[in-house]
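# Close look at the chain arrangement
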Amino acid sequence: MSVESRTPFSARDRTSWVTVFVTFINFSAFHAVREGYAASKSVMASSMKYPTVLLGVIDAAFCIAYAIGLFFSGLIGKKYGVKKVIMVSFASTASLSLAFGVLNGYVFTTPTTSTQAWETALVSHLPIWVLSGFVQSLAYPNFIALLSDVIEPSFCGIVISIWAIVSPVGDIIGLEAAKKVLQSGDENWPYIMFLAAAFMMFNFFLFVIFVVPVRVNIDNSEEEGVQQALLGNENDVESSATRRSPTLKELMWNVWNIPGVIDFALSVMCLKVVVTSVLFWLPYYMDKRFDSHGSSILSTQVFDVSLIVGMILTAAVHRAMGQNRWVPIFMTSLFIGIIPIALVPLASTLHWTVVCIFFSGALIGPSSALFASVMGAEIGKRAQTFGTGNIVGVISGFIDSSGAVGSGLGQLLVGFVASSAGWTVVFEMLAAFTALGALCLIRVRKLENERNH
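## Remarks on the overall build of the protein chain
For the protein chain, the count of helices and strands is 18 helices and zero strands. Partitioning the intrachain contacts of the protein chain with sequence separation of at least 6 by distance along the chain shows that 86% fall at a separation of at least 24. On the protein chain, roughly 17,400 Å² of surface is accessible, and the fraction owed to carbon and sulfur atoms is 66%.

## Focus: the pattern of salt bridges
The full count for this structure, using the stated rule, is three salt bridges. Here D59 and K41 are joined by a salt bridge, their closest N and O atoms 2.5 Å apart. Of the two residues, D59 sits in helix 3 (residues 52-80) while K41 sits in helix 2 (residues 41-47), which places them 18 residues apart along the sequence. K41 shares its class with D59; the two are buried. Between E176 and K179 there is a salt bridge, and its shortest N-O distance comes to 3.6 Å. One end of the pair is E176 and the other is K179, both in helix 8 (residues 166-183) and three residues apart, which spans about a single turn. The partly exposed category is assigned to K179, whose relative accessible area is 22%.

## Details of helix 8
The end-to-end C-alpha distance of helix 8, which contains 18 residues, comes to 26 Å, matching closely the 26 Å that a straight helix rising 1.5 Å per residue would cover. Looking one or two residues beyond helix 8, the residue adopting positive phi is G185, at roughly 135 degrees.

## Regarding the packing of helix 3 against helix 5 (residues 114-137)
Packing of helix 3 against helix 5 brings their axes to within 8 Å, and their N-to-C directions diverge by 25 degrees. The angle between the axes of helix 3 and helix 5 places the two elements in the roughly parallel class. Helix-helix and strand crossings are classified by hand; for helix 3 and helix 5 the assignment is right-handed. Tallied by class, the residues present in the contact of helix 3 with helix 5 amount to 17 nonpolar, seven polar and one charged.

## Structural notes on the packing of helix 3 against helix 6 (residues 140-148)
Running from N to C, helix 3 and helix 6 point in directions that differ by 35 degrees, and their axes come no closer than 8 Å. Here Y66, L70, S73, G74 and G77 of helix 3 come into contact with helix 6, specifically with Y140, P141 and N142. Looking at side-chain class alone, the contact of helix 3 with helix 6 contains four nonpolar, four polar and no charged residues.

## Focus: unusual backbone geometry
Backbone geometry places K49, a non-glycine residue, at a positive phi of 60 degrees. You can call K49 partly exposed: its relative accessible area is 38%.

## So, a nonpolar patch on the surface
Together, L98, V102, Y106, V107, F108, W118, L122, V123 and Y191 line one region of the surface with nonpolar side chains, adding up to about 830 Å² of accessible area. When residues of the nonpolar patch are traced back to their parent elements, those giving at least two are helix 4 (82-107) and helix 5. The biggest single contributor to the nonpolar patch is helix 4, with four residues. Mapped onto the fold, V123 is located in helix 5.

## Examining the packing of aromatic side chains
Evaluation of the coordinates by the stated rule reveals 23 aromatic pairs. Seen from their ring centres, F90 and F207 are 5.8 Å apart, and the 50 degrees between their planes marks the pair as tilted. On the criterion of sequence distance, the pair formed by F90 in helix 4 and F207 in helix 9 (residues 190-210) is long-range, its members being 117 residues apart. Like F90, the residue F207 is buried in the burial classification.

## Description of the side chain of D171
Within the fold, D171 resides in helix 8. Buried and without a salt bridge, D171 has R34 as its closest oppositely charged side chain, separated by 6.7 Å. At a separation of 3.4 Å, a polar atom in the side chain of D171 contacts the side chain of H31.

## Some remarks on the confidence of the model for the protein chain
Chain-level statistics for the protein chain give a pLDDT mean of 80 and a share of 76% at 70 or above. Note on residues 385-390: pLDDT under 50 across the span, and 14 contacts to partners over four residues away in sequence or across chains.

## Describing the environment of V22
Within the fold, V22 resides in helix 1 (residues 15-39). Residues V22 and L206 lie 184 residues apart in sequence; the distance between their C-alpha atoms is 7.3 Å.

## Examining the environment of F433
Turning to its location among the elements, F433 is positioned in helix 17 (residues 423-439). The sequence separation of F433 and M269 amounts to 164 residues, and the corresponding C-alpha distance is 9.1 Å. Setting aside residues up to four positions removed in sequence, F433 forms contacts with C270, L271, V273, V274, L409 and L413.

Rules of the game
Every chain's residues receive numbers from 1 upward, in the order its sequence appears when written. Confidence filtering applies because this is a predicted model: local features only for residues at pLDDT of at least 70, side-chain atom pairs given and counted only at 80 or more, and all residues used for totals across whole chains, interfaces and linings. Side-chain calculation: all heavy atoms of the structure are included, whereas hydrogens and water are not. Numbering of helices and strands runs from the N terminus, with a helix taken as a DSSP run of H or I at least four residues long and a strand as a DSSP run of E at least two residues long. It only takes one pair of heavy atoms within 4.5 Å for two residues to be counted as in contact. Only the protein chains shown count as cover for residues, with accessible areas throughout obtained via the Shrake-Rupley method and a probe of 1.4 Å. A pairing counts as a salt bridge when a side-chain nitrogen of Lys or Arg comes within 4 Å of a carboxyl oxygen of Asp or Glu. Only protein chains enter the calculation, and the probe is 1.4 Å; a residue is then buried if its accessible area is under 20% of its type maximum, exposed if over 50%, and partly exposed in between. In this scheme, a helix's expected span is set at 1.5 Å multiplied by one less than its residue total. All axes here are fitted lines through C-alpha atoms, helices being fitted over the stretch that makes contact, and every angle between N-to-C directions spans 0 to 180 degrees. Throughout this description, any angle smaller than 35 degrees is read as roughly parallel, any larger than 145 degrees as roughly antiparallel, any in the 65 to 115 degree range as roughly perpendicular, and the remainder as oblique. Crossing handedness is defined as follows: a turn of the near helix away from the far one that is anticlockwise and smaller than a right angle gives a left-handed crossing, while the clockwise case is right-handed. Asp, Glu, Lys and Arg are counted as charged, while Ala, Val, Leu, Ile, Met, Phe, Trp, Tyr, Cys and Pro are counted as nonpolar; the rest, among them Gly, fall into the polar class. Each patch is assembled from residues with relative accessible area greater than 30% and no salt bridge, linking like charges that lie within 9 Å and nonpolar side chains (Val, Leu, Ile, Met, Phe, Trp, Tyr) that lie within 5 Å. Here a Phe, Tyr or Trp ring, Trp counted by its six-membered ring, pairs with any other such ring whose centre lies within 6.5 Å, and the pair is stacked when the planes are under 30 degrees apart, edge-to-face when over 60, and tilted otherwise. Counted as positive: Lys and Arg. Counted as negative: Asp and Glu. His and the chain ends are not counted at all. Between N or O atoms, a polar contact is any pair within 3.5 Å; within protein, one atom must be a potential hydrogen donor and the other a potential acceptor, and residues adjacent in sequence are included only when both atoms are from side chains. Confidence scores per residue from the predictor, reported as pLDDT, run from 0 to 100.

This is how it looks when you write it as structure tokens:
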């Protein structure tokens, strides 16, 4: 295949275009569910007497369940097929969202004290939301594996970076639905979950009908090119023809030893503390500070828009700089992003608070959103250690599971720190985790410089 004729998708397989477009719409449903729930937290605090610490514990439990699922979801997809696993994730998430709204909105008695809130949450709220976190986790790494099989390797990073915009798009959909529901009265908050379940089932049928797993045709020169690990040496890669299928223990150990995986995993763990905390807690924080559902949802939508803007600009800068230049772009944006995230609680007006939120999302968000997708795909496509394209899902799942651990840690920390020390300290903590996320990339940058020279 000549350079002039090279395109992101196989010219002989038009279903590739359909797959990318449809899966973009599909994955937005998962983020719509989560952000719709986040928008209802202020109602739970005011009408259902949920204390801040309890909300943090519930979010942390969700993230831990999500992390456990992510760790194994790539392996499950590798064994049973990515499409089947994604279908199970769709159907299960829709069912649990429906059950969550029915049980917590209409079956169980609304708590009138914080003690009753803890009791109700442990019986009906926490178990369903934790199980939902696990089944939702089955989708993401398998979506990335599916996409990596239909995109030409040389374009994989840039296309998946654009596809990753789906995260804030789904958040905006969920927030808009939540805003419409809450405008009709706080007591109608269960309908947020009902709408999320309906949107999830719509995407289930869309996925079943239009998505067909395929693989692009790669010529010999490209196939030789993807034998080299992202940060390793092509002589270190063992021929897939002579390698036996690894055991689960060997698979996990070898993936973690691929250069870059641990570094990106640690970095995304720190960054997810920041981004997930903002997404999960910003509606609650803004509602408490400015006493308005409208301002709380609007500010979160601004943050989501900033994520979209940031990812588009990051992809454009990367394209202009050339291949394998993701790391310096990420590090630069993260160090600059420390400033606006620390200034959020110091802004004196709603206007300046929203400005700080926008720049925080645009500078910090792209790294958090793209590590598991772009870097997982690029490392997986080049590290042919296991002789199968499905390793992309495994690597993506491992990196993102580390991020989910960070998300869980963040929810616990925010809940306790906000209750004991105040929101100014919370945002100082988020700025510190942003700095740690950037510092985790120093070794990767050094290895990248050695490769380029």
